[in-house]
Amino acid sequence: MSYVSGFLTPVPQENKQAYVDMARAAWAIFKEYGAISLHECWEVDVPEGKVTSFPMAVKRRDGEAIVFSWMIWPDKETADRCWASTETDPRWAEMRNMPFDGMRMMWGGFEPVYES
C-alpha cells in the first residue's frame, strides 16, 4: 500500500520563487530515492479560524502564504530510506538554507484509507 508524507509550511510571499526552485531541486532527489509524486500547493483561499485553522497551526505572520504539500511513496520503507538519507547524502546539505521558517513547518506520515 502507498504511503504519504504531508507538510504544512508558512512561506514569506516574497520567497515564492525561491520555494518553488527549492521544491524542484528536492524533487530530483526524492524521485531518485523512490518517491512517486510531489504536490506543492500555494495558498489561494485559506481563511483564519476561530478555534483551528491552517494559519493558526503554522502561526502565519503578515506577508506569509501557507504551502500545503504531500508526497506519495510506494510504501513507508521507501520513505524511511529517503528520510534517513538526509543525514548521509550531501545533496540535502545544499538545501539547508530554506526560504521559510522551518521551526513552524509541520509534517507527518500517513497511510491512505481510501483512494479513488
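Our subject in this report is the structure included herewith. Residue numbering note: each chain is counted from 1, following its sequence as written. Residue-level local features of this predicted model are given only where pLDDT is at least 70; pairs of side-chain atoms are given and counted only at 80 or more, and the full residue set underlies all totals for whole chains, interfaces and linings. Side-chain metrics in this entry use all non-hydrogen atoms of the structure; hydrogen atoms and water are not considered.

### Considerations on unusual backbone geometry
To keep things clear, this is the line we draw: By the criteria applied, helices consist of DSSP H or I runs no shorter than four residues and strands consist of E runs no shorter than two, each listed in order from the N terminus.
Even without glycine at this site, K59 takes up a positive phi of about 55°. Turning to its location among the elements, K59 is positioned in the loop between α2 (54–58) and β3 (64–73).

### Side note on the packing of aromatic side chains
Where we set the bar: Any Phe, Tyr or Trp ring, taking Trp's six-membered ring, that has another such ring centre within 6.5 Å forms a pair; planes under 30 degrees apart are called stacked, those over 60 apart edge-to-face, and the others tilted. Exposure classes here rest on a 1.4 Å probe applied to the protein chains alone. A residue is buried below 20% of its type maximum, exposed above 50%, and partly exposed in between.
Enumeration over the complete set of coordinates arrives at eight aromatic pairs. When the centroid spacing of 5.5 Å and the interplanar angle of 50° are considered together, the rings of F68 and W70 count as tilted. By relative accessible area, which is 41% here, F68 ends up partly exposed. Taking relative accessible area as the criterion, W70 reaches 27% and is therefore assigned partly exposed.

### With respect to the pattern of salt bridges
Definition in use: By definition here, a salt bridge exists when the distance from a side-chain nitrogen of Lys or Arg to a carboxyl oxygen of Asp or Glu is within 4 Å.
The final tally for this structure, using the stated rule, is seven salt bridges. In this structure, E64 and R104 form a salt bridge, with 2.5 Å as the shortest nitrogen-oxygen distance. Of this pair, E64 sits in strand β3 while R104 sits in the loop between α4 (90–93) and β4 (106–110), placing them 40 residues apart in sequence. Assigned by exposure class, E64 and R104 land together as buried. The structure contains a network of salt bridges with shared partners spanning E32, D89 and R91.

### Focus: the pairing of β3
Selection rule: Should DSSP find at least two bridges between two strands, the strands are taken to pair.
For β3, the buried fraction is high: eight of the 10 residues fall into the buried class. Pairing of strand β1 (residues 3–12) with β3, which is carried by 10 bridges, proceeds in the antiparallel orientation. Its bridge partner lying in β3, P12 is registered against E64. By the bridge criterion, six bridges tie strand β2 (residues 37–42) to β3 in an arrangement that is antiparallel. Its bridge partner being in β3, S37 is matched across the sheet by I72.

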